[in-house]
Amino acid sequence: QKEVEQDPGPLSVPEGAIVSLNCTYSNSAFQYFMWYRQYSRKGPELLMYTYSSGNKEDGRFTAQVDKSSKYISLFIRDSQPSDSATYLCAMSRGSGNTPLVFGKGTRLSVIA
Amino acid sequence: DSGVTQTPKHLITATGQRVTLRCSPRSGDLSVYWYQQSLDQGLQFLIQYYNGEERAKGNILERFSAQQFPDLHSELNLSSLELGDSALYFCASSKGTGDGYTFGSGTRLTVV
């Protein structure tokens, strides 16, 4: 079993839809949870950074962490064609000084 | 521009050869991480350096090595290259204080 599981998609939604992206993990030592966006052939860009369980909102993006279920989610409201990218979940045991473990990424297409 | 600089952007080389990839971290970041991204494996952690010292090792082959210099830039050396080493290689840096990890734009290595 991989430490972090993420459905690779692809996921295709119409413009304006609410998008839900999810990851599950097996290592209960993970404390810090991140979502990255990666456009084709570019470096991953940090979208959301959360610690432990709870919700965090930033504009159209909401990240949720449920440590009891070992499940994290990213919601994108009012999705735009510019949101079309691969979304990677990542997590670590430490606060920024331990390696990130990534999911394989979900490819999202938002159709105008 | 993320602040993390990777050179070269593209590299084409023959099997059996050796190459060096370079990374300059974001100003003030002491940790440097190297990742390999291939289509089937996703982002795989290779190695981490913190302030010049090796901090953690992941799935790094014995043919690969890295170092971090006093000015905090890092180099990843790949030797006896095989076709399967063709991938995107990313460098990321962090301050280690919980503000996330910033990725460079990567080096695309093609082994022919």
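One can find the structure itself at the top, above this paragraph.
Now for a quick tour of the structure. (Residues numbered from 1 in each chain as written. Chains lettered and ligands numbered in written order. Predicted model: local features only at pLDDT ≥ 70, side-chain atom pairs only at ≥ 80, totals over all residues. Heavy atoms only, no water.)

## Things to note about the nonpolar core
Point 1. In terms of nonpolar packing, the biggest core is built from 24 residues, with Trp35(A), Ile72(A), Leu74(A), Ile76(A), Tyr87(A) and Met91(A) touching the most fellow members.
Point 2. When residues of this core are traced back to their parent elements, those giving at least two are strand 3 (19–25), strand 4 (32–38), strand 5 (45–51), strand 7 (61–66), strand 8 (71–76), strand 9 (85–92) and strand 11 (106–111) of chain A.
Point 3. Grouped together as the second largest cluster of nonpolar side chains are 20 residues, Cys23(B), Phe64(B), Ala66(B) and Leu81(B) included. (Core = buried A, V, L, I, M, F, W, Y, C linked by side-chain atoms within 4.5 Å. Buried < 20%, exposed > 50% of the residue type's maximum accessible area, 1.4 Å probe, protein only. Helix = DSSP H or I, 4+ residues; strand = E, 2+ residues; numbered from the N terminus.)

## So, the environment of Tyr51(A)
Residue and element names in this part refer to chain A.
Point 1. Relative to the helices and strands, Tyr51 is located in strand 5.
Point 2. When the C-alpha atoms of Tyr51 and Phe30 are compared, they prove to be 9.4 Å apart, with 21 residues separating the residues in sequence.
Point 3. Residues within four places of Tyr51 in sequence aside, it is in contact with Gln31 and Tyr32. (Contact = heavy atoms within 4.5 Å.)

## Regarding the interface of chain B and chain A
Point 1. Listed by partner, the interface residues are 25 residues for chain B and 21 residues for chain A.
Point 2. Taken together, both faces of the contact between chain B and chain A bury some 1700 Å²; the carbon and sulfur share is 52%.
Point 3. On inspection of chain B and its partner chain A, the count reaches 0 salt bridges.
Point 4. Counting residues per element, the ones that place at least two in the side of chain B that touches chain A are strand 4 (31–38), strand 5 (42–50), strand 6 (53–57) and strand 9 (87–94) of chain B.
Point 5. Top element by residues in the side of chain B that touches chain A is strand 5 of chain B. It accounts for 5 residues.
Point 6. The class makeup of the residues in the side of chain B that touches chain A is 9 nonpolar, 12 polar and 4 charged. (Buried area = accessible area lost by both parts, 1.4 Å probe. Salt bridge = Lys/Arg side-chain N within 4 Å of Asp/Glu carboxyl O. Nonpolar A, V, L, I, M, F, W, Y, C, P; charged D, E, K, R; others polar.)

## With respect to the state of the cysteines
Residue and element names in this part refer to chain A.
Point 1. Under the defined criterion, the tally for this structure stands at 2 disulfides over all chains.
Point 2. Through a disulfide, Cys23 is tied to Cys89; the S-S separation comes to 2.0 Å. As the torsion about the S-S bond is roughly -100°, the Cys23-Cys89 disulfide counts as left-handed. Highlighted residues: Cys23 in strand 3 and Cys89 in strand 9, separated in sequence by 66 residues. In this pair, the class of Cys23 matches that of Cys89, namely buried. (Disulfide = S-S within 2.5 Å.)

## Re the pairing of strand 11 (residues 107–111) of chain B
Residue and element names in this part refer to chain B.
Point 1. Only one face of strand 11 is covered, namely the face carrying Thr107, Leu109 and Val111; the face carrying Arg108 and Thr110 is uncovered.
Point 2. Bridge analysis of strand 9 against strand 11 gives 3 bridges, and the strand direction is antiparallel. Bridge pairing in strand 11 links Ala87 to Leu109. (Pairing = 2+ DSSP bridges.)

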